[in-house]
Amino acid sequence: TMIEEVTYGLVELGIKKGANVAILSSTRYEWAICDLAILSTGGVVVPIYPTLGDQAVNHILNNSECEIIILEDKGQLQKIRSQWNQLPKIRYAIVIEDLGDIPQNDPKIISFKSLKDRGKLNFSKDPNLMEDHVENIDINDLATIIYTSGTTGLPKGVMLTHKNILSVVSVLPKMLPMKSGDKLLSFLPLSHVFERVGGLFYAISTGTTVCYCS
């Protein structure tokens, strides 16, 4: 599956359990794929609102000490390229949309397709790698750091464990019953915990089909 390809690709790039990986993109299918892949490595997802400017992005990446950032397109990549030297922890930037306009001469910049290709190669070497990583995750491990909007100063990181997320998912059926065969339209920002837990993790747990639109 694509989640396996991305998981294996991230491991090939050196992502280990507890590593922080940022996602800077609007809500789309690949956002969900990357989220689940990072979590499958035992990594920690750091969502960033796509509307944030260079300095806010800089603060979040440095404050969370992210090693990799997954970006939507060239426009979001520019926020990073303009300040590479101010982001010492970032080893790679992975770009989801490659329309032939992604720099080819920078080893730090990788297309999403290239990441998946690395994953396929890695999978052929060790088909059990993803399963081993998932089994190594404890319910009390950190799953995500979600940054506040920064209305009262600099954005602050809210740390949520897998248990935090699962505890919310476990009570949602009483409030919003969903079942396999239902369809859910995801359009709110996945950068926000509301859409991510209600519109992705809970939907998956019930077998609901999640739909995305541009």
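Before reading further, recall that the structure is shown in the block above.
Residues numbered from 1 in each chain as written. Predicted model: local features only at pLDDT ≥ 70, side-chain atom pairs only at ≥ 80, totals over all residues. Heavy atoms only, no water.

Participant: Talk me through unusual backbone geometry; I want residue IDs and the actual numbers.
Facilitator: Despite not being glycine, glutamate 65 shows a phi value in the positive range, around 55 degrees. Relative to the helices and strands, glutamate 65 resides in the loop between α3 (54-64) and β3 (68-71). (Helix = DSSP H or I, 4+ residues; strand = E, 2+ residues; numbered from the N terminus.)

Participant: Talk me through a nonpolar patch on the surface; I want residue IDs and the actual numbers.
Facilitator: Taken together, the side chains of Leu185, Phe187, Leu188, Val193 and Phe194 present a nonpolar region at the surface, about 510 Å² in accessible area. Structurally, phenylalanine 194 is set in helix α8 (residues 193-206). Assessed through its relative accessible area of 59%, phenylalanine 194 is described here as exposed. (Patch = residues over 30% accessible without salt bridge, like charges linked within 9 Å, V, L, I, M, F, W, Y side chains within 5 Å. Areas by Shrake-Rupley, 256 points an atom, 1.4 Å probe, with all protein chains shown as cover. Salt bridge = Lys/Arg side-chain N within 4 Å of Asp/Glu carboxyl O. Buried < 20%, exposed > 50% of the residue type's maximum accessible area, 1.4 Å probe, protein only.)

Participant: With reference to specific residues and values, describe the nonpolar core.
Facilitator: Ranked by internal contacts, the top residues of the largest apolar core, which has 34 residues, are Leu10, Ile94 and Phe112. Counting residues per element, the ones that place at least two in this core are α1 (2-12), β1 (20-24), α2 (29-40), β3, α5 (112-125), α7 (162-175) and α8. Considering each element in turn, this core owes the most residues, seven residues, to α2. Filtering out sequence-adjacent residues up to four positions away, isoleucine 94 remains in contact with Leu10, Leu13, Ile68, Ile69, Ile70, Leu71, Ile110, Ser111, Phe112 and Leu115. If you look at the next biggest cluster of nonpolar residues, it comprises 22 residues, including Ala22, Leu24, Ile69 and Ile145. (Core = buried A, V, L, I, M, F, W, Y, C linked by side-chain atoms within 4.5 Å. Contact = heavy atoms within 4.5 Å.)

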